[in-house]
Amino acid sequence: MFFVLDGVDGAGKSTQLKMFVQWLGEQGYNVVTCSDPGSTELGDQIRSLLLGKHETPISMRAEMMLFTTARTQLIQQVIKPALALGKTIVLDRYIFSTVVYQGHAGNLDPDEIWTMNRIATENHLPDATFILDIPVDIAMARLGKTLDRMESRGNEYFERVRNGFLLESERWPDTVDVIDATRTPDEIQNDIRKLAMQYIKRKASN
Ligand code: TYD
């Protein structure tokens, strides 16, 4: 199984990911957890370029290509081998983030980013993507005082990010679920687990 958690910064993704991975482990799944961008040496270097505060200009298109390149390495080096061994992947962000942050919010063409990412990942798409949805003012209030390069883009940008996630989700009703992340961590996690079980059963019966 290949699961992805995604959503606007400050939606509580890290907490949910930890709880989900722990639960999958308790159910006997052999889980590999990764962060996108990251989880490879190249991906970590690209991540610091993209998230670090520096003066080097990076155009939106170059930013899109860099996120996508980090992802290619992650697929080649970690995800493909793990899937081949029958492991369960839980990934912190994936293609949706690029389509939304650089596409819907960054004014690049979302369909072009999809095409690029299908090539970059050899069409490895997740079995399920859980989008944590939360109003932007609540999400922003949760972020720490020191914001990274992406987090510093302001509320208008993040409104476009949130709407982008909602729009994209509607395009993939069979594999993407939007989860109300304004509730308690346990309530959110219950939804994720219930949905995950459904996807696992569906895959087993195919
Ligand atoms: P995130 O993964 O949420 O890590 P942290 O919790 O350490 O901040 O942050 C990655 C940031 O990069 C986040 O602001 C979303 C952004 N991002 C993109 O803009 N495009 C992408 O393709 C991806 C994967 C992330």
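The notes below deal with the structure included here. Please read all numbers here as calculations on a predicted model, not as lab measurements.

## Notes on the pattern of salt bridges
Moving on, step 1. This model, assessed by the stated rule, comprises 13 salt bridges.
Moving on, step 2. Across the salt bridge formed by Lys-13 and Asp-92, the nearest N and O atoms sit 2.4 Å from each other. On the criterion of sequence distance, the pair formed by Lys-13 in helix α1 (residues 13-26) and Asp-92 in strand β3 (residues 88-92) is long-range, its members being 79 residues apart.
Moving on, step 3. By relative accessible area, which is 13% here, Asp-92 ends up buried.
Moving on, step 4. Asp-133 is the salt-bridge partner of Arg-162, the closest N and O atoms lying 2.8 Å from each other. Placement of Arg-162 in helix α7 (residues 154-171) and of Asp-133 in strand β4 (residues 128-133) is noted, with a sequence separation of 29 residues between them.
Moving on, step 5. Among the ionic contacts, a cluster of salt bridges with common partners joins Asp-6, Asp-9 and Arg-93.

## Examining the nonpolar core
Moving on, step 1. In terms of nonpolar packing, the biggest core is built from 61 residues, with Phe-3, Phe-20, Leu-91, Phe-130, Phe-158, Val-161 and Ile-192 touching the most fellow members.
Moving on, step 2. Tallying contributions element by element places helix α3 (residues 60-84) first for this core, with eight residues.
Moving on, step 3. Beyond its immediate chain neighbours, meaning those up to four positions away, Phe-20 contacts Phe-3, Leu-5, Val-90, Phe-130, Gln-189, Ile-192 and Ala-196.

## Description of helix α4 (residues 95-104)
Moving on, step 1. Counting buried positions along α4 gives nine out of ten residues, so the element sits mostly inside the fold.
Moving on, step 2. All of the buried residues along α4 are Ile-95, Phe-96, Ser-97, Thr-98, Val-99, Val-100, Tyr-101, Gln-102 and Gly-103.
Moving on, step 3. At its buried positions, α4 is contacted by β1 (2-7), α3, α5 (110-120), β4, α7 and β5 (176-180).

## Some thoughts on the pairing of β1
Moving on, step 1. For β1, the tally of buried residues reaches six of six residues, placing the bulk of the element in the interior.
Moving on, step 2. Relative to β3, β1 is paired through four bridges, and the arrangement is parallel. Bridge pairing in β3 links Val-4 to Leu-91.
Moving on, step 3. As judged from the five bridges shared by β1 and β4, these two strands associate in the parallel manner. The partner of Asp-6 across the bridge, within β4, is Ile-131.

## What to know about the packing of helix α2 (residues 41-51) against α3
When two helices pack together, their arrangement is given by the angle between the helix axes and the distance between those axes.
Moving on, step 1. Direction vectors running N to C along α2 and α3 enclose 160°, while the axes themselves pass 8 Å from each other. The angle between α2 and α3 places the two elements in the roughly antiparallel class. By crossing handedness, the relation of α2 to α3 is classed as left-handed. Touching Leu-42, Gly-43, Ile-46, Leu-49 and Leu-50 of α2 are Glu-63, Leu-66, Phe-67, Thr-69, Ala-70 and Gln-73, all from α3.
Moving on, step 2. Residue classes in the contact of α2 with α3 are distributed as seven nonpolar, three polar and one charged.

## Observations concerning the sheet that holds β1
Backbone-to-backbone hydrogen bonds join strands into a sheet, with any given pair of strands oriented parallel or antiparallel.
Moving on, step 1. Pairing in this open sheet of five strands is parallel, and the strands run β2-β3-β1-β4-β5 from one edge to the other. Looking at the sheet topology across the chains shown, the edges are occupied by β2 (31-35) and β5. Each strand of the sheet is rotated relative to its neighbour by a mean of 20°, with strand direction disregarded.
Moving on, step 2. Summarising the sheet, β4 and β5 pair through five bridges and their orientation is parallel. Paired with Asp-133 across the bridge in β5 is Asp-180.

What counts and what doesn't
- Residues numbered from 1 in each chain as written.
- Predicted model: local features only at pLDDT ≥ 70, side-chain atom pairs only at ≥ 80, totals over all residues.
- Heavy atoms only, no water.
- Salt bridge = Lys/Arg side-chain N within 4 Å of Asp/Glu carboxyl O.
- Helix = DSSP H or I, 4+ residues; strand = E, 2+ residues; numbered from the N terminus.
- Buried < 20%, exposed > 50% of the residue type's maximum accessible area, 1.4 Å probe, protein only.
- Core = buried A, V, L, I, M, F, W, Y, C linked by side-chain atoms within 4.5 Å.
- Contact = heavy atoms within 4.5 Å.
- Pairing = 2+ DSSP bridges.
- Axes fitted to C-alpha atoms, helices over the stretch in contact; angles between N-to-C directions.
- Parallel < 35°, antiparallel > 145°, perpendicular 65-115°, else oblique.
- Left-handed = near helix turned anticlockwise from the far one by under 90°.
- Nonpolar A, V, L, I, M, F, W, Y, C, P; charged D, E, K, R; others polar.

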